[in-house]
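# A structural walkthrough
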Amino acid sequence: MISGGSTDGDSNRARKAKSRRECLEVDGNGRNEPVISFGPEDLRGVSLPHNDALVIQARVANYDVLRVFVDNGSSVNVIFKEALCNLRGKITLPLTLGTGDLRKTVMTVFTVVDAPSSYNIILGRLAMNEMRAVASTYHQKIKFSVRGRVGEVKGDQPSSRRCYGETVRVDQKKAIMEEKGKESQEEVTREREVHFVADEEQEVVEIEPRKHVRKKRHFGPEKDKVIEEQVGELLRAGHIREVQFPTWLSNVILVPKSTGKWRMCVDFRDLNKAYPKDCYPLPRIDQLVDSTSGCELLSFLDVYQGYHQIPLALEDEDKASFITSGGTFCYVVMLFGLKNAGATYQRLMNHVFQRADRPEY
């Protein structure tokens, strides 16, 4: 990896600026930082003995990325072009480690490298220092301070070994191809896709980077005004929020109502094609009507905006993103148009009205 050197630059101006910053720092800045240590309890789940590199999963720019290699010897953070298409040079992206209350996010500078690699990202000293993190390859774990507490991220040993095996095979193929006079990198590297975590069961869906980002559909001034008003209502209700770097981005469409007004919908056809169908059974209306026979009173409930009472998982919110002339937004609650929305809502209603649907309970 890229080793040695200062992360602040090699010019005289950069070194002087770094010296001034160090002089301005107050002694004892780390007194309130928690003590980070590793012990035998941190070895739970680690296959011993091992010589595996530390490979983790991290959240970068609102999506979860696997095969993140932690390299304390690298002086820069590297993100490979295959993981981030069409970007060159250096970019700044939000990096998140940990989960729940022990989650920490910092803005990190990445150097985009157009080179074949088994990894998607390499975290160097720069990111580890910004995160105030300590890595242990033996314990296969990273620990970092979060508001006076210690957060941690466990390494993925199977993924680490797969990456190492792929690197060895690629090196062997390179040697063979060089002997034959063929130096084409495309013939000795396999096409890889960035891995995203799709749901709470950690089901991995493989998609190409930013393949499902649609260009904005253009409407006339009158329709843009209608879309802007409905987006404003959703923002005020807390049903949507602004989003950056979405992995999925859909267009909105306007559907005429019987009253002559417009209803804004989101075209989730690409998203629905990629996700499996939830085959949860829906009730039969005739059986529900027959089950009310003999009742003295019937109560009818209008579940207005019932779908909006079900929150989306935090890691799946950016998949429900859409673009308008006013920006990019994502839903934080379930909405109409998703393939499994009906099954999810019916499952919830069955739990709520379990005794009414199944008198034997």
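For the structure, see preceding data.
Computed from a prediction, not measured in an experiment: that's the story for all the values here.

Thresholds, definitions, all that
- Residues numbered from 1 in each chain as written.
- Predicted model: local features only at pLDDT ≥ 70, side-chain atom pairs only at ≥ 80, totals over all residues.
- Heavy atoms only, no water.
- Helix = DSSP H or I, 4+ residues; strand = E, 2+ residues; numbered from the N terminus.
- Polar contact = N/O pair within 3.5 Å; in protein donor to acceptor, adjacent residues only side chain to side chain.
- Contact = heavy atoms within 4.5 Å.
- Buried < 20%, exposed > 50% of the residue type's maximum accessible area, 1.4 Å probe, protein only.
- Salt bridge = Lys/Arg side-chain N within 4 Å of Asp/Glu carboxyl O.
- Pairing = 2+ DSSP bridges.
- Axes fitted to C-alpha atoms, helices over the stretch in contact; angles between N-to-C directions.
- Core = buried A, V, L, I, M, F, W, Y, C linked by side-chain atoms within 4.5 Å.

Quick look at the side chain of N77 now. Within the fold, N77 resides in the loop between β2 (63-70) and β3 (78-80). Polar contacts involving the side chain of N77 include one to the main-chain amide nitrogen of A127, which spans 3.3 Å. Each residue touching N77, except ones within four places of it in the same chain, is listed here: T108, V109, F110, T111, I122, L123, G124, L126 and A127.

Next up on the list: the side chain of S159. Within the secondary structure, S159 sits in helix α3 (residues 157-179). Classification of S159 by relative accessible area gives buried; the value is 3%. What S159 contacts, discounting residues up to four positions off in sequence, is V55 and R67.

It is worth spelling out the pattern of salt bridges at this point. If you walk through the whole model with that rule in mind, you get 12 salt bridges. Across the pair R269 and D267 runs a salt bridge whose closest N-O atoms are separated by 2.8 Å. On the basis of relative accessible area, R269 is assigned to the exposed category, the value being 57%. Residue class for D267 comes out buried when judged on its relative accessible area of 17%. Where D278 meets R347, a salt bridge forms, and the shortest distance between an N and an O atom there is 3.1 Å.

Quick look at the sheet that holds strand β7 (residues 133-136) now. Sheet architecture is open: three strands sit in the order β7-β8-β9, paired in antiparallel fashion. Every interior strand has two partners, whereas the edge strands, β7 and β9 (149-154), have only one. On average, each strand axis in the sheet is tilted by 20° relative to the strand beside it, whichever way the strands run.

One finds I56, V60, L95, F110, L123, I142 and F144 to be the most contacted residues of the largest nonpolar core, which totals 28 residues. Sorting the residues of this core by element identifies β1 (55-60), β2, β4 (89-97), β5 (104-113), β6 (121-123), α2 (125-130) and β8 (141-146) as the ones contributing at least two each. Core analysis: the next-biggest nonpolar cluster, separate from the first, contains 26 residues, L234, V252, L254 and Y345 among them.

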